[in-house]
Each structure stands twice: as C-alpha cells, then as structure tokens.
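Overview (structure and organization)
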Amino acid sequence: MAKVATRVSYGEALVKYGVPNENVVVLDADLSKSTKTDTFKKVCPERFINMGIAEADMMCVAAGLATCGKIAFASTFAMFAAGRAFEQIRNSIGYPGLNVKIGATHAGISVGEDGASHQCLEDIALMRTIPGMVIINPADDREAQLAVKAAIEHQGPVYMRFGRLAVDDLYDDDYKFELGKGVMLRDGKDATIVATGLLVQEALKAAKILEDEGISARVINIHTIKPLDEEIITAAAKETGAIVTAEEHYIMGGLGSAVAEVVCKNAPCPVKIIGTEEFGQSGKPAELFEAYGLTAENIVKNVKEAIKLKK
Amino acid sequence: MDAKRITELSIIANKVRKDALTGVYSAAAGHPGGSLSIADLLTYLYFEEMNIDPKNPTMEDRDRLVLSKGHTAPALYGVLAERGFFDPAEMKNLRKFGSFLQGHPVLGKIPGVDMSTGSLGQGVCVAGGMALAAKLDNKSYRVYSILGDGELEEGQVWEQAMFAPHYKLDNMTIFVDNNGLQIDGDITKVMNPTPIDKKFEAFGWHVIVIDAHNYNEIESAINEAKATKGKPTAVIMKSVKGKNVSFMENNPAWHGSAPNEEQYNQAISELDEIIKGLEAQL
C-alpha cells in the first residue's frame, strides 16, 4: 500500500489540475521544497511566483491576482498561512470573497520534530470564523488531489490543510470526492466516530477494536469541515445517539466544535471531542499522537464513555 | 497642462472635497484630513489619466486603483461620484446602515472600487498582485495605489516594496500621501518612517518627489512613471492634511473626527469661495 504525505499530493495535483488551467498561479513563501509546490514550478515556472519569506504580502498579492481573474494558490506552512497571515486572509481574501486557494501544509502535530512553534493546531478554528471560507482537510493522497481539483472548480476562497507525514491510502482510484459531503466509511448503530485528516485511519482502527468488543460504531470522514455536511452529522446523531470526534487540532473551534454546533441545533446527544489541549513538543509523529491522545485506543475509550452518557 | 484644464480640475477636486466632508459630516464619523490631502491626485487620476468607464466599472482591461489608505474612502467615493459612477447625493448616506457607501472601500459593493481596503499595508500588496496579473497576461493596464505616510510603519508595506521591483512591475505606480501627520501626531515623532524617498530608492523603486497639489507635477510624475521601464515608481507627494479648509490644514485632530454643523458650514463656504474664484478664471 502506498504511503504518501498529502503535501506531496498537493504538489502533484497542482501539476495535474493546475497546469492545464491557464488561470492557475502558484505562490510560495520560500518553502516550495517543503510544500511541494516545486513540483509545479518545475513544469510551469512561468506561473510560479516565489514571494520570499513574506506571507502577509503573499496573501494580498494572491488577492490582487484573483481580482484579475487568476486562481491563485498561496502556499506555506499552516502556521504562517492561517496563523501569521490571518488578518490578511480575513480582510483581503475573505471579506471581498476572492477566488484564492490557500495550500497550507505541515498542519497539525504530525509535523513532529520541529516542535510546537510549527505545529499548527488552531488553523481550522481560525479559518472557520471567516464567512464564506471553505475548509478541506483531506485524509489521504487521493482525497488531497481531488480536493485541489475541487478547489479549482469552486468559485471563492478555499483553505486546504495538508500534512507532512506520509499516510496510508484510504481510498482507491474509484473514489468520488464531493465538496461539502461527508463520507460514511463504515456503518454502525451504537455510536458514531466523526474524524478528519490523519485521524480517519485511527477512527477505522477504533471501530474494529470496538466491533471485537461487541460495539457497533459508525465512522464518518469529514474532509470538508466548512461547509459542514449537516445532514450526515444529524443523521448520525439521531440514528446512533452518541458522537465522538477526532482531529489533529486543538479541541476548541475545530471539527469537534463544528459537529457539536450541528448536533446541538438538530439532534442533541452526547458529543466527545478528541484533539489537543496544549502546545505540542518535538518528537516523532507516532510518539506525539500517543502523548496527546490522538489514537485509536483513546477513541475507543471515548466512544464507550459517550455511549454511557446516552439517555 | 494648459491653465484652463488645471482650473477645471481644481474645481472638480474642491467639489470632491465638499463631497468628502458632506459624507463625514452626515455620518458624524470618518477621516476628513487625509481625504482632503489626496483630492487633487484622485481628481487627476480619474478625470485625466485612468482608462475607466463609469458605465462599465468592471471593464476587464481598465486601469486599477487600490486605496491602500482605505480610511480616506470619503475622497475616493467623492471622486467616483463626480466621475459618474454613482450619484453624488449618495454621499450623505456614507457610513449609514444599509448604505452601499461603507466606512471603508468594499469591492463588489461600490461601483468603481477595485479592492476592499481599510486595514493598512494590505492594499498596496493587492495592487502588486494586480500588476503581476497584467504582466502574466501581457496586458497594458496600469495599477495605482495610494498609501499614507503613517501607513509606511506597517511592515508588510516593505514586503511589497521588495516584491514589485523584484518582479519588475513597471506597470505599478504608488503614491505616498506625505502629509506628515498620523493619528497620534507628527509621523517623525510617532514612529519615524523618513527618509521615505531614500527607502524606496534602496528597495529598487524609481522615486519622484512632488507637490501633491500641483497638477503639472502630478502629470509629469505619472508620465515619468509610465516611461520608466523595468521598475515600479513611487511618487512621494508632499501634501497638506486637511487641504483647503483653513481650520483643518496641518492639524492631526482632523485625522479621524467629523466636523460639527458650524464647522461643516464654514468648511463648505470656504470651499465654495475657492470654487467661485476658480470659476471666475474660466
């Protein structure tokens, strides 16, 4: 089974779907070897713009390009995109609703050894607060590539969250990606695990462990965190009566919060949110996932607790 | 430029000043000082220079202007109104609930506005993106941006100051409204951005220093910018904040406060006097 980091998928998808579209322009802030936009640069140097280490300027230049009909992909680490350039994204991209695509790589704690300064665990929360911003957090190579394709086809701002860590394939070549639609990977009746990004694999592992213990867990992959697929979440709440969310992100403002908002509104039931609660540290991704509870075992534990809370 | 045309433009610029003050007075909020200082430049650009069409504000190959110092929207709205993008009578709805004339410029909502601005430092970077788009598409439209001198204290201005010369954006001209004052006072005392001309020169710009209220100098600077190849141009305009309203001139108190009724009436009568004098010259 192939193991590909979604940042690599980003670079390849920019070539596959971006090169044929003459309006696509790729910007990077001196990280093209890491964000993998250098893959695009190699075949299409005339539409690759190195901004230097200047993320604020990059977001605004992307906005300017978009006002002139370009589809600008602004690429850097999630920390410096959603974090450093938040207000530029908010005021120069979000407010005028411009057709800018933010390719944010090295998101989450799986950045690993670089440590907490580079482990962006708040980007989903930040981007969710911008009206009209679409947020995609793909779970594997195939999904990441199709997310880029969907971003090109979507008119308006999109934030794409990619990882540094190589991940197993979740989907085969027949997978159809639909922006804004959750994917039920496994049906179940006792509880639902709603996961995104790297935690989707852990959710599937957790469901298997639970099955062995006689608990039937539904697993939903939410690749589009905004707009959230309210239908699939509401149905899960109604039909299984307990939800556990799992994400490589701070517990406030991310997928868990988004799911809880929908559940509260449409079909109140227990919701347990798995994510980080403090700054990370240096270490191997697997060590960090273990240390911060981003594991199948912790999901299992939370599912059992959530089921106990059911009326 | 012939004297008659200068007189005509001066009349328009003072009407723009009246529009701006009417807006700020009606809203009881806004930024009159820096609006009055850029009225002559905006008038020249929109009435003499820019390839624009009030009937087709989103014309694809139009010249673009990004008001990076977005708080001086009253002057931009005034010139757009005088140029026919919308009815000048709308100025009295500035900043009012439900009005399209928002406190700061908004793309897509206000005919003729090319970018949403208001958060300082961002507009000039957006202008860089527009100029780059023109280069990528081999188009000949030009991109203008107006910055405040206090705005130069924003770090991202200098990110763009590196970018535009690096990509040889000679289709981009920026104007620094060098009125010397920001909210908290003298720019050199708050956070000294001088020498402004030498800074831009060092970053690789073609730099021209002019009097912001002299149409011949504005015209020749813009022509020089158009003739300058391989680098963008920064025009540093020595201006008078609150220009042409006696009690507002060079007073930082008028950066962001609205006149009361008496002050408004006095300002309007001063501007009407100036317009009357100019009309007598025609």
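Residues numbered from 1 in each chain as written. Chains lettered and ligands numbered in written order. Predicted model: local features only at pLDDT ≥ 70, side-chain atom pairs only at ≥ 80, totals over all residues. Heavy atoms only, no water.

**Brief notes about the sheet that holds strand E10 (residues 191-195) of chain A**
All names here are of chain A.
- Read across the sheet, 5 strands follow the order E9-E11-E10-E13-E14 without closing on themselves; strand pairing throughout is mixed. Edge positions in the sheet fall to strand E9 (183-186) and strand E14 (271-276), since each has one partner strand and no second. For this sheet, the mean angle separating the axes of adjacent strands, direction not counted, is 25°.
- Bridging between E9 and strand E11 (residues 217-221) involves 3 bridges; their strand directions are antiparallel. Residue pairing for E11: methionine 184 is matched across the bridge by isoleucine 220.
- Relative to the sheet, helix H9 (residues 199-212) contacts E9, E10, E11 and strand E13 (243-250), its axis offset from that of E10 by approximately 160°.
- Along the sheet face, helix H11 (residues 255-266) touches E10, E13 and E14 and points at about 145° away from the line of E13. (Pairing = 2+ DSSP bridges. Helix = DSSP H or I, 4+ residues; strand = E, 2+ residues; numbered from the N terminus. Axes fitted to C-alpha atoms, helices over the stretch in contact; angles between N-to-C directions. Contact = heavy atoms within 4.5 Å.)

**Focus: the domain arrangement of chain A**
All names here are of chain A.
- Along its sequence, chain A is organised into domain 1 (3-168) and domain 2 (183-309).
- Taken residue by residue, the interface counts 32 residues in domain 1 and 36 residues in domain 2.
- Across the domain 1 to domain 2 interface the summed buried area is about 2400 Å²; carbon plus sulfur atoms make up 56%.
- Viewed at the interface, domain 2 and domain 1 are joined by 1 salt bridge.
- The shortest N-O distance in the salt bridge between arginine 128 and glutamate 261 comes to 2.6 Å.
- Our enumeration of links across domain 1 and domain 2 arrives at 20 residue pairs in polar contact (both at pLDDT 80 or more).
- Elements with a minimum of two residues in the side of domain 1 that touches domain 2: helix H7 (123-128), strand E6 (134-136) and strand E8 (166-168).
- Ranked by the residues each element gives to the side of domain 1 that touches domain 2, the list is headed by H7, at 5 residues.
- Across the side of domain 1 that touches domain 2, the residue classes tally to 17 nonpolar, 7 polar and 8 charged. (Domains from an automatic or database assignment. Buried area = accessible area lost by both parts, 1.4 Å probe. Salt bridge = Lys/Arg side-chain N within 4 Å of Asp/Glu carboxyl O. Polar contact = N/O pair within 3.5 Å; in protein donor to acceptor, adjacent residues only side chain to side chain. Nonpolar A, V, L, I, M, F, W, Y, C, P; charged D, E, K, R; others polar.)

**As for the packing of aromatic side chains**
- Summed over all chains, the structure comprises 12 aromatic pairs over all chains.
- Here Tyr10(A) and Phe162(A) contribute two aromatic rings whose centre-to-centre distance is 4.7 Å and whose plane-to-plane angle is 25°, an arrangement assigned as stacked. One end of the pair, Tyr10(A), is in helix H1 (residues 6-18); the other, Phe162(A), is in the loop between strand E7 (158-161) and E8, with 152 residues separating them in the sequence. In this structure, Tyr10(A) and Phe162(A) share a single accessibility class: buried.
- Each member of the aromatic cluster is reached from another via a ring pair, and the members are Trp158(B), Phe200(B), Phe203(B) and Trp205(B).
- Sitting over the face of the ring of Tyr141(B), Arg64(B) holds its NZ or CZ atom 4.2 Å from the ring centroid.
- Against the face of Phe47(B) rests Arg83(B), its NZ or CZ located 5.7 Å from the ring centre. (Phe/Tyr/Trp six-rings, centres within 6.5 Å; stacked < 30°, edge-to-face > 60°. Buried < 20%, exposed > 50% of the residue type's maximum accessible area, 1.4 Å probe, protein only. Lys NZ or Arg CZ within 6 Å of the ring centre and 35° of its normal.)

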